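Structural description and commentary
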Amino acid sequence: MAPDLLADLVLRGEKTATASAYDLYALEDEPLPQEGTFDIILDSQDQAVCIVEITKVSVQPFYQVSADHAYKEGEGDKSLAYWRQVHEDFFKDCFGEAGLTFTPDSKVVLEEFRKVYPL
């Protein structure tokens, strides 16, 4: 999904969650997101759109991601089926570029957040 569309969904309050590949954090020696921290949401021109506070972080296998989380991501028709289709394709590409293989058991980092600026 296009960065500007995702940023707009966050700005409008329709997107309050996201998911990322756990294995890529370990591979790049990056720390996992932390509750209570803030992120700046950028558009495709690297311009700040808004600021969010991370309110919840969890790690679970891809196949266990809930319909509730998919809905909170706010993309497409907000269904779990749509979420799985789009994210499986995305994660397969990311894992492939890193020389890894994505499976339904692969762990994902689930974040929930709230927009704090602008209100």
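For the structure itself, look to the data block above.
Residues numbered from 1 in each chain as written. Predicted model: local features only at pLDDT ≥ 70, side-chain atom pairs only at ≥ 80, totals over all residues. Heavy atoms only, no water.

Here strand S1 (residues 17-21) lies mainly inside the structure; four of its five residues are buried. Where S1 lies against strand S4 (residues 107-117), five bridges are found, and the strand directions are antiparallel. Looking at the pairing, Ala 19 lines up with Leu 110 of S4. (Buried < 20%, exposed > 50% of the residue type's maximum accessible area, 1.4 Å probe, protein only. Helix = DSSP H or I, 4+ residues; strand = E, 2+ residues; numbered from the N terminus. Pairing = 2+ DSSP bridges.)

One finds Phe 62, Trp 83, Phe 91 and Val 108 to be the most contacted residues of the largest nonpolar core, which totals 14 residues. Counting residues per element, the ones that place at least two in this core are S1, helix H4 (80-97) and S4. If we ignore the near neighbours within four places in the chain, the residues touching Val 108 are Ser 20, Tyr 22, Ser 58, Val 59, Gln 60, Pro 61, Phe 62, Val 65 and Phe 91. Among the nonpolar cores identified, the runner-up in size contains six residues, and Ala 7, Val 10, Ile 41 and Phe 113 belong to it. (Core = buried A, V, L, I, M, F, W, Y, C linked by side-chain atoms within 4.5 Å. Contact = heavy atoms within 4.5 Å.)

Next up on the list: the packing of aromatic side chains. The geometry of an aromatic ring pair is captured by two quantities: the separation of the ring centres and the angle between the planes. Counted under the stated rule, the structure contains six aromatic pairs. Taking the centre distance of 5.2 Å and the plane angle of 25° together, the rings of Phe 62 and Trp 83 count as stacked. Placement of the pair is Phe 62 in the loop between strand S3 (48-61) and helix H3 (67-73) and Trp 83 in helix H4, with a sequence separation of 21 residues. A ring pair is formed by Phe 95 and Phe 102, whose centres lie 5.4 Å apart and whose planes are at 80°; its orientation type is edge-to-face. (Phe/Tyr/Trp six-rings, centres within 6.5 Å; stacked < 30°, edge-to-face > 60°.)

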